[in-house]
Amino acid sequence: MMVGVSDDRPPEDKSADSATPPSDDAENPTPTADPGKPAAPLRLRTLLIIAAVLLGLDLLTKTIVVAELTPGDPVPIIGDFARLSLVRNPGAAFSMATGMTWLLTLVAAAVVIGVIRIGRTLRSLWWAIGLGMVLGGALGNLVDRLFRAPGPLQGHVVDFIAVGWWPVFNLADSSIVCGAILLVVLTVFGFEPDGTRAGHDHSEETATETAAEPGEPSDNGANGAAGSKGNAA
């Protein structure tokens, strides 16, 4: 009679062989600036929408003013303080630099290009609003300089808002000035175009380190007290 031979070898563990090999994504994870805090969305679309709305309003008001008003015949709104007065302005905002129309046209074009380049990486909503206002105003006056008389690069901007002693201006001028003021305020208070605030993260790290430092002497002190009690015993 043959005695069966038992196989005491443990079954092979095939789990290692059947395991899915690590992928390249696992070996090379995508780096993130702060894994615990998602990045703010890009704001280029918001910037362009604001600029488009302001550009449309500027062109609409200028079209109505040119069709309805006569130069030298102002229309009072609030007595003599606020009035509508059609003026053809060859200069910059508020009738400055009237003899440099072609140069102002090139400057306006450079501003438009620069704002769009910055807006491609923009993540701050407030920066998007400020830059959108600047872009919309710059485009409004640039359209006048390119397409109004006396010719391309020499076109005169249509101004029609007169308030007190202030030079006559238009919606594009107001948009540029208000947007620039907003950007200055954001810069002064440390708000960055990427959505962060200058010094804010650093202050949090400093506070964390400062809170951790007092704990270290206290631990040493506790150990020292325990050691002295042991020596006394």
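Note that this is a predicted model, so its numbers are computed, not measured. (Residues numbered from 1 in each chain as written. Predicted model: local features only at pLDDT ≥ 70, side-chain atom pairs only at ≥ 80, totals over all residues. Heavy atoms only, no water.)

(A) A look at the overall build of the protein. A count of helical and extended segments in the protein gives eight helices and three strands. Secondary structure of the protein in N-to-C order comes out as α-α-α-β-β-α-α-β-α-α-α. A burial count over the protein gives 25% of its 233 residues as buried. Split by element, the accessible area of the protein, about 15700 Å² in all, is 65% carbon and sulfur. (Helix = DSSP H or I, 4+ residues; strand = E, 2+ residues; numbered from the N terminus. Buried < 20%, exposed > 50% of the residue type's maximum accessible area, 1.4 Å probe, protein only. Areas by Shrake-Rupley, 256 points an atom, 1.4 Å probe, with all protein chains shown as cover.)

(B) Summary view of the nonpolar core. One finds Leu47, Val115, Leu122, Trp127, Leu131, Leu135 and Leu183 to be the most contacted residues of the largest nonpolar core, which totals 16 residues. Elements represented by at least two residues in this core include exactly α3 (44-68), α4 (101-119), α5 (125-147) and α6 (171-188). For this core, the element with the most residues is α5, which contributes seven residues. The residues contacting Leu122, other than those within four sequence positions of it, are Pro41, Leu42, Arg43, Leu44, Leu47, Trp127, Ala128, Leu131 and Pro193. Leu69, Leu86, Val158 and Ile161 belong to the second largest nonpolar core, which has seven residues in total. (Core = buried A, V, L, I, M, F, W, Y, C linked by side-chain atoms within 4.5 Å. Contact = heavy atoms within 4.5 Å.)

(C) Structural view of the packing of α4 against α5. For the pair α4 and α5, interaxial distance at closest approach is 9 Å and the crossing angle is 145°. In the crossing of α4 with α5, the sense of the turn from one axis to the other is left-handed. Contacts between α4 and α5 pair Thr101, Leu104, Thr105, Ala108, Ala109, Val111, Val112, Val115, Ile116 and Ile118 from the former with Leu131, Val134, Leu135, Ala138, Leu139, Leu142, Arg145 and Leu146 from the latter. (Axes fitted to C-alpha atoms, helices over the stretch in contact; angles between N-to-C directions. Left-handed = near helix turned anticlockwise from the far one by under 90°.)

(D) The packing of α5 against α6, seen in detail. Running from N to C, α5 and α6 point in directions that differ by 150°, and their axes come no closer than 7 Å. One finds that α5 runs roughly antiparallel with respect to α6. In this structure, the crossing between α5 and α6 has a hand that is left-handed. Only Ala172, Asp173, Ser175, Ile176, Cys178, Gly179, Ala180, Leu182, Leu183, Leu186 and Thr187 of α6 make contact with α5, whose side of the interface consists of Trp126, Trp127, Ile129, Gly130, Leu131, Met133, Val134, Gly137, Ala138, Gly140 and Asn141. Of the residues assigned to the contact of α5 with α6, the class counts are 14 nonpolar, seven polar and one charged. (Parallel < 35°, antiparallel > 145°, perpendicular 65-115°, else oblique. Nonpolar A, V, L, I, M, F, W, Y, C, P; charged D, E, K, R; others polar.)

(E) Inspection of the sheet that holds strand β3 (residues 157-163) at higher detail. Spatial ordering of the open sheet is given by β1-β2-β3, a layout of three strands whose pairing is antiparallel. If you trace the sheet from one side to the other, it starts and ends with β1 (75-78) and β3, each paired once. Strand-to-strand twist in this sheet, taken as the mean axis angle between neighbours without regard to direction, amounts to 35°. Bridge count between strand β2 (residues 82-89) and β3: six bridges; the pairing is antiparallel. What sits directly across from Arg83, in β3, is Ala162. (Pairing = 2+ DSSP bridges.)

(F) Quick look at the UniProt feature "transmembrane region" (unreviewed entry) in the protein. Feature annotation in UniProt assigns "transmembrane region" (unreviewed entry) to the following positions: residues 47-67, 92-113, 125-143 and 163-189. End C-alpha atoms of residues 47-67 are separated by 31 Å, and the span's content is 100% helix alongside 0% strand. Within the segment residues 125-143, helix and strand shares are 100% and 0% respectively, and the terminal C-alpha atoms sit 27 Å apart. (UniProt positions renumbered as here; feature names shortened; annotations may be inferred.)

(G) The arrangement of the UniProt feature "active site" (unreviewed entry) in the protein in detail. The sites that carry the UniProt feature "active site" (unreviewed entry) are, in the present numbering, Asp159 and Asp173. Beyond its immediate chain neighbours, meaning those up to four positions away, Asp159 contacts Ser85, Leu86, Val87, Asn89, Val168, Phe169, Asn170 and Asp173. Only 3.1 Å separates the side chain of Asp159 from the side chain of Asn89, close enough to count as a polar contact. Structurally, the position occupied by Asp173 is in helix α6. (Polar contact = N/O pair within 3.5 Å; in protein donor to acceptor, adjacent residues only side chain to side chain.)

(H) Molecular detail of the pairing of β2. Relative to β2, β1 runs antiparallel, the two sharing three bridges. Paired with Ile78 across the strands is Ala82, a residue of β2. What sits between the antiparallel neighbours β1 and β2 is a turn of three residues, in which Gly79 has the positive phi angle 60°.

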